[in-house]
Amino acid sequence: MDSYRQIVASSKDPGEKRDLPWGFSIYHCSYRDESVCNRLLQYIEEQVKADLEGNQRMDLLLHHQLVINNDMAKVNSATSHEIRNHFNEWVADQLPQVVASPEMLEYLQSQKLPDHLGPQYGLGARFDPVVKVLSGFWGNMTPQEREYQIHPDWHDGETDDELEMAGWMYIPIQTYVRSYDGLEQPGDWDEYYVRPPLMLNGSSALLHLDEELAQIDRES
């Protein structure tokens, strides 16, 4: 019963209300093919259930919730920077519904970011249709700061250094629960981060996406 203990520990955080939902906030950023996005969402839900069942943690499924942000006017073709801005605004709006007391709310609102809350309130997952995870703790960038030349060998960042932080990374859908649990603490981002398009297993995210979409097609 030690599997996903970080998710369990977060649910018992004295600063938060009891029985809060857990899960990534999903941004629907591409409307070229709605069927692909719908299949991906279904596939995520199926993978979460299979993962929890395989690890004998079906008790966590009851409180799992995907927050789908699909306002086409706001997020269609949005960049990672724009999604992070929206996500951090959403976090601020959610705080009164999450914290256990007015005193905790006042404290968090005095901070730059809610640095003790879990990934649902510190990360956002974005797909177009590639699945990405964005770090809300990376902070918002001004329009001027966003005007940089991305190195041609990478999907973000300016240098050829594979350790350069881009503020987001790719994850395989199959690792959704494990990634959420592993990123439960803000400091864990540095440990798990791999500059895109690489992933933790060393493969390319785009090649992995083709495999996942083929798997979805076989199961649909």
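Check the entry above for the structure.
The text that follows walks through the structure, step by step, so that each part is easy to find. These figures come from a predicted structure and were not determined experimentally.

Calculation notes
Residues numbered from 1 in each chain as written. Predicted model: local features only at pLDDT ≥ 70, side-chain atom pairs only at ≥ 80, totals over all residues. Heavy atoms only, no water. Helix = DSSP H or I, 4+ residues; strand = E, 2+ residues; numbered from the N terminus. Buried < 20%, exposed > 50% of the residue type's maximum accessible area, 1.4 Å probe, protein only. Contact = heavy atoms within 4.5 Å. Areas by Shrake-Rupley, 256 points an atom, 1.4 Å probe, with all protein chains shown as cover. Salt bridge = Lys/Arg side-chain N within 4 Å of Asp/Glu carboxyl O. Phe/Tyr/Trp six-rings, centres within 6.5 Å; stacked < 30°, edge-to-face > 60°. Core = buried A, V, L, I, M, F, W, Y, C linked by side-chain atoms within 4.5 Å. Expected span 1.5 Å × (residues − 1). Arc of directions from axis to C-beta. Pairing = 2+ DSSP bridges. Disulfide = S-S within 2.5 Å.

**Let's talk about the overall build of the chain**
Now for step 1: When you go through the chain residue by residue, the secondary structure sums to eight helices and five strands.
Now for step 2: For the chain, the α and β elements follow one another from N to C terminus as α-β-α-β-α-α-α-β-β-β-α-α-α.
Now for step 3: For the chain, buried positions account for 49% of its 220 residues.
Now for step 4: Pairs at least 24 apart in sequence give 74% of the contacts found in the chain among residues at least 6 apart.
Now for step 5: Counting only carbon and sulfur atoms, one obtains 49% of the accessible surface of the chain, whose full area is about 11,500 Å².

**A closer look at the pattern of salt bridges**
Now for step 1: For the structure shown, the criterion picks out two salt bridges.
Now for step 2: Of the charged contacts, one joins Glu164 and Arg195 as a salt bridge, the two residues approaching to 3.5 Å between their closest N and O atoms. Residue Glu164 is located in the loop between strand E4 (131–135) and strand E5 (168–170), and its partner Arg195 is located in the loop between helix H7 (188–192) and helix H8 (205–219); the two are separated by 31 residues in the primary sequence.
Now for step 3: Here Glu164 falls in the buried class, since its relative accessible area comes to 18%.

**Points about the packing of aromatic side chains**
Now for step 1: Within the structure shown, the criterion is met by six aromatic pairs.
Now for step 2: Arranged with centres 5.3 Å apart and planes meeting at 55°, the rings of Trp22 and Tyr180 form a pair that is tilted. Of this pair, Trp22 sits in the loop between helix H1 (5–11) and strand E1 (25–28) while Tyr180 sits in helix H6 (residues 176–182), and the two are 158 residues apart along the sequence.
Now for step 3: Looking at Trp22, the relative accessible area reads 5%, which means it is buried.
Now for step 4: Between Phe87 and Trp90 the ring centres are 5.7 Å apart and the planes differ by 35°, which places this aromatic pair in the tilted class. In this pair, Phe87 and Trp90 are both assigned in helix H4 (residues 80–98), three residues apart and thus about one turn of the helix distant.

**Focus on the nonpolar core**
Now for step 1: Residues Trp22, Tyr176 and Val177 are the most contacted members of the largest nonpolar core, which totals 41 residues.
Now for step 2: Breaking this core down by element, the ones donating at least two residues are H1, E1, helix H2 (34–54), H4, E4, E5 and H6.
Now for step 3: The element best represented in this core is H2, accounting for seven residues.
Now for step 4: Residues in contact with Tyr176, not counting those within four places in the same chain, are Trp22, Gly23, Phe24, Ile44, Val48, His64, Leu66 and Ile171.

**Some thoughts on the environment of Leu20**
Now for step 1: By the element assignment, Leu20 lies in the loop between H1 and E1.
Now for step 2: As a C-alpha pair, Leu20 and Gln97 span 77 residues in sequence and 9.5 Å in three-dimensional space.

**What about H2?**
Now for step 1: When the terminal C-alpha atoms of H2 are compared, their 30 Å separation across 21 residues agrees well with the 30 Å that a helix rising 1.5 Å per residue should span.
Now for step 2: By the burial criterion, the buried members of H2 are Val36, Cys37, Leu40, Leu41, Tyr43, Ile44, Gln47, Val48, Asp51 and Leu52. Seen from one end, H2 has its buried residues packed into an arc of 165°, which puts them on one side.
Now for step 3: Among the residues trailing H2, Gln56 stands out with phi positive, at a value near 55°.

**A look at unusual backbone geometry**
Now for step 1: Each neighbour pair has its own omega, and for Pro196 with Pro197 the value is 20°, a cis peptide bond.
Now for step 2: On the secondary structure map, Pro197 appears in the loop between H7 and H8.
Now for step 3: Backbone geometry at Tyr4 places phi at a positive 60°, although glycine is not the residue there.
Now for step 4: Examined against the element boundaries, Tyr4 turns out to sit in the segment before H1.

**Considerations on the pairing of E4**
Residues in a regular strand project their side chains so that they alternate between the two faces of the sheet.
Now for step 1: With five of five residues buried, E4 is to be regarded as a mostly interior element.
Now for step 2: Side chains Val131, Val133 and Ser135 project from E4 onto one buried face, and the interleaved Lys132 and Leu134 project onto a second face that is buried too.
Now for step 3: Examined bridge by bridge, E4 and E5 share three bridges and lie antiparallel to one another. In the strand pairing of E5, Leu134 is matched with Trp168.

**Let's talk about the state of the cysteines**
Now for step 1: According to the stated counting rule, one finds zero disulfides in the structure shown.
Now for step 2: Not part of a disulfide, Cys29 finds its nearest cysteine sulfur in Cys37, a span of 9.0 Å.
Now for step 3: On the accessibility criterion, Cys37 (3% relative accessible area) is buried.

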